[in-house]
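Tertiary structure, described
Spelled out from the first residue to the last, the chains are:
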Amino acid sequence: MLFDLRPKTKRADLYDREKELREFQSAVNLGEDLILLLGIRRLGKSSLLNVALAESGFPYAKIDVRSLYFTHGSIPQGILARKILDSLLATVSGRKSLRLKLEKVLSSIRGLRVSGLSVEFERKPDLAEILEKISSWAENENLRAIIAFDEAQYLRLSGIRYDGLIAYGVDSLPGITFALTGSEVGMLHDFLGLEDPKKPLFGRYAREIVLQRFRREESMDFLRRGFEEVGIKPSRQEIGDAVGRFDGIVGWLTMYGYLRGVRKLPHAQAMDELFNMAEKLIRGELSSLIRNSRRYGVILKAVAMGNVRWSTIKEYVEFKMGPVNDAKFSVLLKNLLKYGYLEKKGNEYSIPDPVVKEVVKNLQLTPR
Ligand SMILES: Nc1ncnc2c1ncn2[C@@H]1O[C@H](COP(=O)(O)OP(=O)(O)OP(=O)(O)O)[C@@H](O)[C@H]1O
Ligand SMILES: [Mg+2]
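Residues numbered from 1 in each chain as written. Chains lettered and ligands numbered in written order. Predicted model: local features only at pLDDT ≥ 70, side-chain atom pairs only at ≥ 80, totals over all residues. Heavy atoms only, no water.

**A short note on the domain arrangement of the protein chain**
- In terms of domains, the protein chain is made up of domain 1 (17-210), domain 2 (216-281) and domain 3 (287-361).
- Look at where the C-alpha atoms of domain 1 and domain 3 centre, and you get two points 34 Å apart.
- Of all residues in domain 1, the largest losses of buried area upon contact with domain 3 belong to Ile 40, Glu 184 and Met 187, amounting jointly to 55% of the total for that side.
- As a salt-bridge pair, Asp 190 and Lys 338 come within 2.7 Å of each other at their nearest N and O atoms.
- Counting every contact that joins domain 1 to domain 3 gives 3 residue pairs in polar contact (both at pLDDT 80 or more). (Domains from an automatic or database assignment. Buried area = accessible area lost by both parts, 1.4 Å probe. Salt bridge = Lys/Arg side-chain N within 4 Å of Asp/Glu carboxyl O. Polar contact = N/O pair within 3.5 Å; in protein donor to acceptor, adjacent residues only side chain to side chain.)

Put into C-alpha cells, the structure is as follows:
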C-alpha cells in the first residue's frame, strides 16, 4: 500500500524510483565498492535502500545506524558486529548451502559462535576480521555481500574510526560493497572525506544516487493511485492543495494520504493532524541540535520568516540573542547546510522542506 507509513520494503509498494533502483543494481553488478544514497529527510532513502537490497539478488546486511546511535549513545563495535551478522544470516536463511558455508567461515573466527540465526561472542569481536571472512565467503560463492548503513553519518559519532574500516573494505575486500544513506548529506561527506587528503577514504570513487523530490505531476499521480488503492476519490482541489503544500516530499504526501485515505479524515482535518504530527516529529529532530546551540533554532526561525541573506539572518539572530562574531555565525550556518536544514542558492538561504519551514516559523524559542 502506497500510504503505509513505514519505510517500504517491497517494490510493489514503492512508487516509481525505477531509475534509482536501476542505478543501484548496475553499481552492484559492476562490483563497485561504495554506493551513497543521498537526500534530505523524508525523501524515501530508507525505502529505496530496502527495496534495492531485496531486489539485488545478493546477500546483505542492513543496519539502521541512527536508531543504534540513539539507543546506545554511540556505536559500539561489538553491537555493530552483531547487527551485521544477524542481518546477514537472516537474508541467507532461505538459502541453505550458502548459509551453512557462511556459518562455517564465521566459526573459524576465534571466540565467535553461530547459534541459529544469531551469533555469540566470547570476546570482543574484531569487525575487520569479520568483514574479511564475509568477503572471502562471498568471493568463493561468486557473489557480493552488501553491507548497508542507513543514516551512516552517525558512524562518525563514536570513538571508533569507522571511516578507516570502510576504507579498508573498499581497498582490500573485493567481496563486499558498502551502501550508505545519509540525510545529513554534508555530514556524511565530511565523515567519509572522499575529497579530504587527511582522511582514509580520500580519492576513492563512490557512486552517488541523489534522490529528488517528486515533480508536481508525480505527486498528483502518487496521491491518486494511493487513494485508488484505499477506494476513495478526493476532489481535484484537495489533491491540488496537498500537492502544493508538500513540494514533492514523499514522506509528507504519504502521511497526508494515510490521514485522508486510510483514517478517512476530511481534508482540512487531515491537514491539521498532519501539521500536529509534523510539529512533534520536527521538534524531536531539532532538539539535539538546539541543545548544542540555541542559535541554530533562531537562525532557522529567521530564515523561515523570510530572511534569506547572511547579513539579515545575522541581524535577526543578534536582535534576539545579542552579538555573535562573524566567524562563529558562519560556522553555525555552514553546519545547518551540512545537516540539510538549510539550502543555499547563490547568496540566498532557504529551508528545503515547506513543512519544516511552517513548523519552525511557529516555534517558541525561549531566549538563552
Ligand atoms: N517511493 C515511495 N513510494 C511510496 N512511499 C514512499 C516512497 N518513498 C518513501 N515513501 C514513504 O515516505 C515516508 C518516508 O520514507 P523513508 O522513511 O523511506 O524516507 P527517508 O528518506 O529514509 O526518511 P528519513 O530521512 O526520515 O530517514 C515513509 O512513510 C515511506 O513509506
Ligand atoms: Mg530513513
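**Remarks on the site of ligand 1**
- As a structural note, the neighbourhood of ligand 1 is formed by 24 residues, with Leu 5, Arg 6, Lys 8, Lys 45 and Ser 47 the closest of them.
- Separating an oxygen atom of ligand 1 from a backbone N or O atom of Arg 6 is a distance of 2.6 Å.
- Out of a free accessible area of 620 Å², ligand 1 has 94% covered by protein chains.
- Elements with a contribution of two residues or more to the shell around ligand 1: helix H2 (45-56) and helix H11 (250-262).
- Among the residues forming the shell around ligand 1, the class breakdown is 8 nonpolar, 6 polar and 10 charged.
- Shared between two domains, the shell around ligand 1 takes at least three residues from each, and those domains are domain 1 (17-210) and domain 2 (216-281). (Near = heavy atom within 4 Å. Areas by Shrake-Rupley, 256 points an atom, 1.4 Å probe, with all protein chains shown as cover. Helix = DSSP H or I, 4+ residues; strand = E, 2+ residues; numbered from the N terminus. Nonpolar A, V, L, I, M, F, W, Y, C, P; charged D, E, K, R; others polar.)

**Focus: the environment of Glu 358**
- Following the sequence through the fold, Glu 358 ends up in helix H16 (residues 354-361).
- As for Glu 358 and Lys 320, which are separated by 38 residues in sequence, their C-alpha atoms are 20 Å apart.

**A word on the packing of aromatic side chains**
- If you walk through the whole model with that rule in mind, you get 12 aromatic pairs.
- With centroids separated by 5.5 Å and ring planes inclined at 80 degrees, the aromatic side chains of Tyr 15 and Phe 222 adopt a geometry described as edge-to-face. With a gap of 207 residues between them, Tyr 15 in the segment before helix H1 (18-29) and Phe 222 in helix H9 (residues 216-229) connect regions that are remote in the sequence.
- Exposure remark for Phe 222: the relative accessible area of 2% places this residue in the buried category.
- Aromatic side chains Tyr 69 and Phe 70 sit 5.3 Å apart centroid to centroid with 70 degrees between the ring planes, which places their arrangement in the edge-to-face category.
- Judged by relative accessible area, Tyr 69 falls into the buried class, the value being 19%.
- According to the relative accessible area criterion, Phe 70 is exposed, its value standing at 53%. (Phe/Tyr/Trp six-rings, centres within 6.5 Å; stacked < 30°, edge-to-face > 60°. Buried < 20%, exposed > 50% of the residue type's maximum accessible area, 1.4 Å probe, protein only.)

**A few points about the pattern of salt bridges**
- Applying the stated criterion across every chain, the model contains 26 salt bridges.
- Two residues, Asp 33 and Arg 144, come together in a salt bridge whose shortest N-O distance is 3.7 Å. With Asp 33 in the loop between H1 and strand S1 (34-38) and Arg 144 in the loop between helix H6 (127-140) and strand S5 (145-150), this pair connects stretches of sequence that are 111 residues apart.
- Residue classification places Arg 144 among the buried residues on the basis of a relative accessible area of 10%.
- Here Asp 221 and Arg 225 are joined by a salt bridge, their closest N and O atoms 3.2 Å apart.

**Some thoughts on the packing of helix H12 (residues 267-292) against helix H13 (residues 294-304)**
- Viewed as axis vectors pointing N to C, H12 and H13 meet at an angle of 120 degrees, and their least axial separation amounts to 4 Å. Of the possible angle classes, the one that applies to H12 and H13 is oblique. Contacts between H12 and H13 involve Leu 286, Leu 289, Ile 290 and Asn 292 from the first element and Arg 294, Tyr 296, Gly 297 and Leu 300 from the second.
- Residue classes in the contact of H12 with H13 are distributed as 5 nonpolar, 2 polar and 1 charged. (Axes fitted to C-alpha atoms, helices over the stretch in contact; angles between N-to-C directions. Parallel < 35°, antiparallel > 145°, perpendicular 65-115°, else oblique. Contact = heavy atoms within 4.5 Å.)

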